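Chain by chain, the residues:
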Amino acid sequence: MRRCVELSAAAVRQGELPFSCVICKDGEIVAETVNRVVADGDVTRHAEIMAIAEAQKVLGRSDLSDCTIYSSVEPCPMCAFPIRETRIGRVVYAISSPMMGGLSKWNVLGDNEISNVMPQVFGDRPEVSAGLLYGEAAAVWRAWNPIFWLGIRFRGCLAEAPHESAYRTLQTGAPERGLFRRLLAFASRGFVRRRRAASAAVQPQTESTAI
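Description of the structure in this document. All values reported here derive from a predicted model rather than from experimental measurement.

**Things to note about the packing of aromatic side chains**
Reasoning step 1: Tallied over the entire structure, the rule returns six aromatic pairs.
Reasoning step 2: For the pair Trp141 and Trp144, a centre-to-centre distance of 5.9 Å together with 85° between the ring planes defines the contact as edge-to-face. Of this pair, Trp141 and Trp144 both sit in helix H6 (residues 134-144), three residues apart, roughly one helical turn.
Reasoning step 3: Residue class for Trp144 comes out partly exposed when judged on its relative accessible area of 29%.
Reasoning step 4: In this structure an aromatic cluster arises from ring pairing among Phe19, Trp141, Trp144, Phe148 and Trp149.
Reasoning step 5: Across the ring face of Trp106, the terminal group of Lys105 is positioned such that the distance to the ring centre comes to 5.4 Å.

See the structure below:
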């Protein structure tokens, strides 16, 4: 998260809003990004989405269940869905977003139904913790634009400093599933793996035929 705060300050220097994201596996950084909404003129270029895309490339797989994603601000619903689809096991952020958050407001990160009904697409709900290095992350926003920072807090878009403990676990991983759901999820993941293996086996043959 400390690296996330550093990146959010770097985003400001690049003319972006102070959003940043880091994905780690076994304590090592796999991918790190900042927003590129302004630079690319594309509202979908959120830091979390780009970090997830990069992590999949680096690890060579779409299953990121052994990864933790750190964000300077609570991921929005657009970012929360790929977090669930890549099965990221843990989500940590500094500043909560009661108006736009993918847990606080829309609860994509905490929804059990999507993983119960479509386990072949959505992973179990991740463990979610909020408030880590809130003060440092908030200081970047305040230094960037004090008036804007006061305004978005007044409107409830970003949360006030948490009380007492600055780091709270809001959600502790996946709930217990019934036997049927576990079997369905296992069978679905096996089917997807077989499909990918078959595609990989066919690809070289197709290319040699074309040559």
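Let us keep going from here.
**A closer look at the pairing of strand S4 (residues 90-95)**
Reasoning step 1: Burial analysis of S4 places five of its six residues in the buried class, which makes it a mostly covered element.
Reasoning step 2: Note: strand S3 (residues 67-73) against S4, five bridges, orientation parallel. By the bridge assignment for S4, Val73 is matched with Ile95.
Reasoning step 3: In this fold, the crossover linking S3 to S4 by way of helix H4 (residues 77-85) has right-handed handedness.
Reasoning step 4: Direction of pairing for S4 relative to strand S5 (residues 127-130): parallel, over a ladder of four bridges. Bridge pairing links Arg90 to Glu127 in S5.

**Here we look at the sheet that holds S3**
Reasoning step 1: Spatially, six strands are ordered S2-S1-S3-S4-S5-S6 in an open sheet, and the strand pairing comes out mixed. The open sheet terminates on both sides in strands that have one partner only, identified here as strand S2 (28-34) and strand S6 (168-171). Strand-to-strand twist across the sheet, computed as the mean angle between neighbouring axes with direction ignored, equals 20°.
Reasoning step 2: Contacts between helix H1 (residues 2-13) and the sheet are confined to strand S1 (20-25), S2 and S3, with S1 contributing the most and set at about 150° to the helix.

**Remarks on the pairing of S2**
For a regular strand, side-chain orientation follows a simple rule: the groups alternate between the two sheet faces.
Reasoning step 1: Of the strand pairs in this sheet, S1 and S2 are connected by six bridges, and their pairing is antiparallel. Among the inter-strand pairings, Ser20 is bridged to a residue of S2, identified as Val34.
Reasoning step 2: Linking two consecutive strands that pair antiparallel, namely S1 and S2, is a turn of two residues; a positive phi of about 55° is found at Asp26 within it.

**With respect to H6**
Reasoning step 1: Among the residues of H6, those classed as buried are Tyr134, Ala137, Ala138, Val140 and Trp141. Mapping the buried residues of H6 onto a view down its axis gives an arc of 150°, with all of them on the same face.
Reasoning step 2: As for H6, its buried residues are in contact with H1, S3, S4 and helix H7 (146-154).

**Considering the packing of helix H3 (residues 47-59) against H4**
Reasoning step 1: Between H3 and H4, the shortest axis-to-axis distance is 8 Å and the interhelical angle comes to 20°. Judged by the inter-axis angle, H3 sits roughly parallel to H4. For the crossing formed where H3 meets H4, the hand is left-handed. Of H4, the residues touching H3 (which contributes Glu48, Ile49 and Ile52) are Met78, Cys79, Pro82 and Ile83.
Reasoning step 2: When its residues are assigned to classes, the contact of H3 with H4 shows six nonpolar, no polar and one charged.

**Re the pattern of salt bridges**
Reasoning step 1: Tallying each qualifying case throughout the model produces nine salt bridges.
Reasoning step 2: Lys25 is the salt-bridge partner of Asp66, the closest N and O atoms lying 4.0 Å from each other. Here the residue Asp66 occupies a position in the loop between H3 and S3, and Lys25 occupies one in strand S1, the gap between them amounting to 41 residues.
Reasoning step 3: For Glu127, the salt bridge is made with Arg90, and the minimal N-O distance between the two is 3.5 Å. With Glu127 in strand S5 and Arg90 in strand S4, the pair connects residues that are 37 residues apart, well separated along the chain.
Reasoning step 4: Overall, the relative accessible area of 27% leaves Glu127 in the partly exposed class.

Conventions we followed
- Residues numbered from 1 in each chain as written.
- Predicted model: local features only at pLDDT ≥ 70, side-chain atom pairs only at ≥ 80, totals over all residues.
- Heavy atoms only, no water.
- Phe/Tyr/Trp six-rings, centres within 6.5 Å; stacked < 30°, edge-to-face > 60°.
- Helix = DSSP H or I, 4+ residues; strand = E, 2+ residues; numbered from the N terminus.
- Buried < 20%, exposed > 50% of the residue type's maximum accessible area, 1.4 Å probe, protein only.
- Lys NZ or Arg CZ within 6 Å of the ring centre and 35° of its normal.
- Pairing = 2+ DSSP bridges.
- Right-handed = clockwise from strand over helix to strand, strands pointing away.
- Axes fitted to C-alpha atoms, helices over the stretch in contact; angles between N-to-C directions.
- Contact = heavy atoms within 4.5 Å.
- Arc of directions from axis to C-beta.
- Parallel < 35°, antiparallel > 145°, perpendicular 65-115°, else oblique.
- Left-handed = near helix turned anticlockwise from the far one by under 90°.
- Nonpolar A, V, L, I, M, F, W, Y, C, P; charged D, E, K, R; others polar.
- Salt bridge = Lys/Arg side-chain N within 4 Å of Asp/Glu carboxyl O.

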